[in-house]
Amino acid sequence: MPVENGDTAGQRGQQVNVEVSGTPRLRGMGDPRLRDTTAPDGSRTEVMAAGWESGPALGDEDGTPGGAPQRAGQQEEALMTELSELVQKVVKSSSWWERHGVDISILACSFLLLPAGFLCLRSAQTIPFLAGVLTLGVVHHTLTVKGSHLASHNALTESKSWGKVWAIFFIELCSAFTVEQATYNHVKIHHGYTNVIGLGDSSTWKLPFLNRYVYMFIAPLAVPILTPLVALDLLRNVEWKAALRTLCCMFLGFYCHYWLLLHVSGFQSPWSALLCMLLTRSLLAHPYIHVNIFQHIGLPMFAADRKPKRIHLMSLGVLNLPRNALLDWSFGHSLISCHVEHHLFPSLSDNMCLKIKPIVSQYLKQKKLPYNEDSYSSRLWLFLQRYEELMVHAPPITELVGIQ
């Protein structure tokens, strides 16, 4: 698996044809056009990303005079155009069930499992009680991770109005986060500037003051507590109407969960109900954290003014994990085995990402572009071995040399 310093010993995966600089550069020293601009919600922020669906982001231009870089850029754009046409043919020939119905059905089934989960918690016997915890934990992550992710990309419906409704429901009511900040940080920044230092480099997931074992195995248990706290802090950056809506949705989501535990599951004390809430909401927090760092950190990083075109940026800086029944259901294919496809075509649903996977993988390999894949255990071992380098120190910037 390619990493910034070019060391591939003991790692599995595709080899990336780039030469990497061994000298770290200062973070945030990218294109000055990206600094000191205003976010869509009116808040001040350090950068403002160009829309990822409308064309190449800032920094795609090569400032070097001469025709060779321009021709290379045109060839790269032609590759992306050709791949997009192949994918578009598949999308157009797919039914509504394939485009949206499969994923909506998974979310609907999760809702239908909620009564069974709460009722199982009434049992004094160990096995039914644990079954209830497992059911509610899987349902929670399906709604908050898969549902929120699809809603943030408007991949659940082709209607923008309904897309906004689903985004508020899954992101604010179920996940206790604010739609505006979630969409801006994930869609505009992370997708618009994937693996670009200071922008979409997944640095928000780094906690350098924690050691490797605490971060990888203990800290994820705090995700249900930290998520609403971070959301409350980000409310300073949104309009008061959006902040009020978010607060109401967050309170409603938490209170409904708490009320059901008391009145349906039969918990006798508030503290036991709150403890059960923490247990179910952190059930899959470990793979949630791991997946978010495994698929980008440790891969090539770029400066904002020296990054490759979109098809190279996504093929170099994104990695697919193997299929896993539990994580495919709870997180969705686009976050697990089809993450490369998702970053190339982020508006597609999980099921469509899975459907176009053979086309994308075959095309990238045919054009001798990287198609990164690695196992969960291999990435876990890599991060445990090189935690200081990958998660504490600033990553080096990849030099764009030898990209075929």
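Numbering of residues starts from 1 in every chain and runs along the sequence as written. Per-residue local features are limited, in this predicted model, to residues with pLDDT of at least 70; the limit for side-chain atom pairs, both in listing and counting, is 80 or more; totals at the level of whole chains, interfaces and linings are taken over all residues. Side-chain metrics rest on all non-hydrogen atoms present in the structure, leaving aside hydrogens and water.

Participant: Which parts of the structure should I look at to understand the nonpolar core?
Facilitator: Burial of nonpolar side chains together is a common tendency in soluble globular proteins. Note on terminology: a nonpolar core comprises buried Ala, Val, Leu, Ile, Met, Phe, Trp, Tyr and Cys residues joined through side-chain atoms within 4.5 Å. Only protein chains enter the area calculation, which uses a 1.4 Å probe; residues under 20% of their type maximum are buried, those over 50% are exposed, and those in between are partly exposed. The biggest cluster of nonpolar side chains holds 25 residues, and the ones touching the most others in it are Ile311, Leu344, Phe345, Val360 and Leu364. Secondary structure elements with two or more residues in this core: α1 (67-93), α11 (310-317), α13 (339-344) and α14 (350-366). The contact definition used throughout considers only heavy atoms, calling two residues in contact when any of these lie within 4.5 Å. Non-local contacts of Ile311, meaning those with residues more than four positions away in its chain, are made with Glu76, Leu79, Met80, Leu83, Leu344, Tyr363, Leu364 and Leu369. Ranked by size, the runner-up nonpolar core spans 20 residues in total, among them Leu143, Leu150, Phe170 and Ala182. Elements are defined by DSSP. Helices are runs of H or I of four residues or more, strands are runs of E of two residues or more, and each kind is numbered from the N terminus.

Participant: Can you walk me through the packing of helix α4 (residues 160-174) against helix α5 (residues 179-191) in this structure?
Facilitator: Angle between the axes and distance between the axes are the two parameters that describe a pair of packed helices. Fitting a line to C-alpha atoms yields each axis, with helices limited to the stretch in contact; the angle taken between N-to-C directions then spans 0 to 180 degrees. Their axes nearest at 9 Å, the elements α4 and α5 cross at an angle of 95°. Accordingly, the angle class assigned to the pair α4 and α5 is roughly perpendicular. Contacts between α4 and α5 pair Lys164, Ala167, Ile168, Ile171 and Glu172 from the former with Val179, Glu180 and Ala182 from the latter. Tallied by class, residues from the contact of α4 with α5 come to 5 nonpolar, no polar and 3 charged. The scheme is simple: roughly parallel for angles under 35 degrees, roughly antiparallel for over 145, roughly perpendicular for 65 to 115, oblique for anything else. Residues are sorted three ways: Asp, Glu, Lys and Arg are charged, Ala, Val, Leu, Ile, Met, Phe, Trp, Tyr, Cys and Pro are nonpolar, and all the rest, Gly among them, are polar.

Participant: Sorry if this is basic, but what is going on with unusual backbone geometry here?
Facilitator: With the exception of glycine, the majority of residues adopt a negative phi angle, and the majority of peptide bonds are in the trans configuration. The phi dihedral of Asn154 falls on the positive side, at around 55°, and the residue is not glycine. Along the chain, Asn154 turns up in the loop between α3 (126-152) and α4. By relative accessible area, which is 28% here, Asn154 ends up partly exposed. Of note, the phi angle at Lys368 is positive, near 60°, even though the residue is not glycine. Its location among the elements puts Lys368 in the loop between α14 and β5 (372-373).

Participant: Can you help me understand the pattern of salt bridges in this one?
Facilitator: Think of it this way: side chains of opposite charge can pair up when their charged atoms draw near. Just to be clear on terms, a salt bridge is a Lys or Arg side-chain nitrogen sitting within 4 Å of an Asp or Glu carboxyl oxygen. In total, this model carries 13 salt bridges according to the counting rule given. Note that Lys367 and Glu82 form a salt bridge whose closest N and O atoms lie 4.0 Å from each other. Of this pair, Lys367 sits in the loop between α14 and β5 while Glu82 sits in helix α1, placing them 285 residues apart in sequence. Look at Glu82 and you get partly exposed, because its relative accessible area is 35%. Between Arg245 and Glu180 there is a salt bridge, with the nearest N and O atoms lying 2.9 Å from each other. With Arg245 in helix α8 (residues 240-263) and Glu180 in helix α5, this residue pair connects regions lying 65 residues apart in the sequence. Here Glu180 falls in the partly exposed class, since its relative accessible area comes to 22%. The structure contains a network of salt bridges with shared partners spanning Lys164, Glu172, Glu180 and Arg245.

Participant: Explanation requested: the environment of His312 in the structure shown.
Facilitator: Examined against the element boundaries, His312 turns out to sit in helix α11. Classification of His312 as buried rests on a relative accessible area of 3%. With 32 residues separating them in the primary sequence, His312 and Leu344 have C-alpha atoms 9.9 Å apart. Side-chain atoms alone can form a polar contact between residues adjacent in sequence; in general such a contact is a pair of N or O atoms within 3.5 Å, and within protein one must be able to donate a hydrogen while the other accepts it. Within polar-contact distance, the side chain of His312 engages the side chain of Glu76 at 3.0 Å.

The quantities given are spatial measurements derived from coordinates; they are silent on function.
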